[in-house]
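In case you want the letters, here they are:
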Amino acid sequence: MGGDNGPHVTLAAALTAHFNYPKLHLILCGQSDLISAYLEQHDCIDDPRLSIHDAPEVVEMHERPLYALRNKPNSSMRAAINLVHSGEAQACVSAGNTGALMTIAFYVLKTLPGIDRPALISRLPSVNNNRVFLLDLGANVNCDSEILYQYALMGSVMAEEVEGLTQPRVALLNVGEEQIKGNDQVKQTAQLLSECDDINYIGFVEGNDIFTDKADVVVTDGFVGNVALKACEGLGKLIIEEVKRLSNKNVLYRILAKIALPLLKSLYKSVNPDQYNGASLIGLNGIVVKSHGNASAEAFSYAIDEAIEEVSRQVPQKIGHRVEGVLSLRQ
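Basis of the calculations
- Residues numbered from 1 in each chain as written.
- Predicted model: local features only at pLDDT ≥ 70, side-chain atom pairs only at ≥ 80, totals over all residues.
- Heavy atoms only, no water.
- Pairing = 2+ DSSP bridges.
- Helix = DSSP H or I, 4+ residues; strand = E, 2+ residues; numbered from the N terminus.
- Patch = residues over 30% accessible without salt bridge, like charges linked within 9 Å, V, L, I, M, F, W, Y side chains within 5 Å.
- Areas by Shrake-Rupley, 256 points an atom, 1.4 Å probe, with all protein chains shown as cover.
- Salt bridge = Lys/Arg side-chain N within 4 Å of Asp/Glu carboxyl O.
- Buried < 20%, exposed > 50% of the residue type's maximum accessible area, 1.4 Å probe, protein only.
- Axes fitted to C-alpha atoms, helices over the stretch in contact; angles between N-to-C directions.
- Parallel < 35°, antiparallel > 145°, perpendicular 65-115°, else oblique.
- Left-handed = near helix turned anticlockwise from the far one by under 90°.
- Contact = heavy atoms within 4.5 Å.
- Nonpolar A, V, L, I, M, F, W, Y, C, P; charged D, E, K, R; others polar.
- Arc of directions from axis to C-beta.
- Phe/Tyr/Trp six-rings, centres within 6.5 Å; stacked < 30°, edge-to-face > 60°.
- Lys NZ or Arg CZ within 6 Å of the ring centre and 35° of its normal.
- Core = buried A, V, L, I, M, F, W, Y, C linked by side-chain atoms within 4.5 Å.
- Disulfide = S-S within 2.5 Å.

A. Quick look at the pairing of strand β5 (residues 130–135). As judged from the six bridges shared by strand β4 (residues 119–126) and β5, these two strands associate in the antiparallel manner. The partner of S126 across the bridge, within β5, is N130. Between β4 and β5, which pair antiparallel and follow one another directly, the connecting turn spans three residues, one of which, N128, has a positive phi of 60°. Here β5 runs beside strand β8 (residues 217–219); their pairing, made up of three bridges, is parallel. Following the sheet pairing, L135 is matched in β8 by V219.

In structure tokens:
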């Protein structure tokens, strides 16, 4: 029921995933009359792989997280996370209020042993058709060195399990590559990472290095990470809009655009933010994936894809196992 565009987006994406994954079972949490009407309209009301879990309350996008936690126990967001906690569902995907989603998930699911706070992580495009993981994207704006160390560890596991990388390169986002630069928080984190044999720490990277394939995982606090992510999304949209504008400028530009159409399609695909939608709230005892609030149906379907992949690779269990091993060595 959450998101800027309402349930017609999430339901459309759910049906896309339903047809793309023959073994997938979806539990649609929300106002049952609205969901039933949509499924009837699309001749899916009796499909055994589509279930409806009635949740009459809605967490609005502007509501404070603690208010949603305390006053809306029957919201679609709370219902979905409760289903993950009970084991009836293997993952939750939501386009709703980010703060409320994190607060409710943290309260209901709790964090893995050894993890203090969950983090939002997402894959972004990099050169040579590679991907880079960036975290935290806004779950925690204030992080000490121990939290950033845990983020680096979890990001490394994600890169190994989701991208299939061996010894993924882990870097800290900083204002320069030199060891003397950065605040105390970053310097202390660098010291912790350099002493950890379980993480392939390569040092500092700057903002312009996020997409140059210098690192497979880039670690920062939620404030900087969120600003970096939004700036990247804005740049991607700018490129797309400029390509469209120039192709419609005059006859000559339209002819050139038609000639270059294959290249333009490839460019559009590589920078389109929709295909990178779906940030994972890692560090929890369960899988929770956050979609952009203004995501289209196509973009939301990518978030569902992300959840399915994390379920198949048992990401929380592997993060928990790795953290347990590292903590025992540190002790």
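B. Focus on a nonpolar patch on the surface. Taken together, L246, V251, L252, Y253, I255, L256 and I259 make up a surface patch of nonpolar side chains, about 650 Å² in accessible area. Counting residues per element, the nonpolar patch draws most heavily on helix α9 (residues 251–259), which supplies six residues. If you trace the backbone, V251 turns up in helix α9. Given the relative accessible area of 52%, V251 is considered exposed.

C. Main features of the packing of helix α1 (residues 7–20) against helix α11 (residues 297–313). Where α1 meets α11, the closest approach of the two axes is 8 Å, and the angle between their N-to-C directions is 55°. When the interaxial angle is binned, α1 and α11 end up oblique. Every pair of crossing elements has a handedness; the one defined by α1 and α11 is right-handed. Contacts from V9, T10, A12, A13, A14 and A17 of α1 reach α11 at A297, F300, S301 and I304. Its residues assigned to classes, the contact of α1 with α11 comprises eight nonpolar, two polar and no charged.

D. The packing of helix α4 (residues 76–86) against helix α5 (residues 98–109), seen in detail. Where α4 contacts α5, the axes come no closer than 10 Å and their chain directions differ by 30°. Between α4 and α5, the crossing angle belongs to the class labelled roughly parallel. Relative to α5, the crossing made by α4 is right-handed. Where α4 approaches α5, its residues M77, R78, I81, N82, V84 and H85 are matched on the opposing element by A100, L101, I104, A105, Y107, V108 and L109. Looking at the contact of α4 with α5 residue by residue, the classes come out as ten nonpolar, two polar and one charged.

E. Structural view of helix α7 (residues 184–194). All of the buried residues in α7 are Q185, V186, T189, A190 and L193. One side of α7 carries all its buried residues, which in axial view fall inside an arc of 135°. On its buried side, α7 packs onto α6 (145–163), β6 (169–173) and β7 (200–205).

F. Inspection of the environment of N129 at higher detail. Along the chain, N129 turns up in the loop between β4 and β5. C-alpha separation for the pair N129 and G6, spaced 123 residues apart in sequence, amounts to 33 Å.

G. Spatial organisation of the pattern of salt bridges. Taken as a whole and judged by the stated rule, the model has 13 salt bridges. Two residues, K72 and E63, come together in a salt bridge whose shortest N-O distance is 2.6 Å. The burial state of K72 is the same as that of E63; both residues are buried. One connected set of salt bridges, linked through shared partners, spans R123, E163, E306, E309 and R313.

H. Quick peek at the packing of aromatic side chains. Scanning the model with the defined rule gives zero aromatic pairs in all. Between the NZ or CZ atom of K110 and the centre of the ring of Y107, over which it lies, the distance is 5.2 Å.

I. Broad picture of the nonpolar core. Ranked by internal contacts, the top residues of the largest apolar core, which has 38 residues, are I81, C92, A105, L109, V218, L281 and V288. Of all elements in the fold, only α3 (65–71), α4, α5, β4, β5, β6, α8 (222–247) and β9 (279–282) reach the threshold of two or more residues within this core. Residue contributions to this core peak at seven residues, all from α5. In this view, L281 contacts L101, M102, A105, P118, A119, L120, A139 and V288; residues no more than four positions away in its chain are not counted.

J. Geometry of the state of the cysteines. Within this structure, the stated rule accounts for zero disulfides. Here C92 is not disulfide-linked; the sulfur of C29 is the nearest cysteine sulfur, at 7.6 Å. Residue class for C92 comes out buried when judged on its relative accessible area of 3%. Residue C196 stays outside any disulfide, its sulfur separated by 18 Å from that of C143, the closest cysteine.

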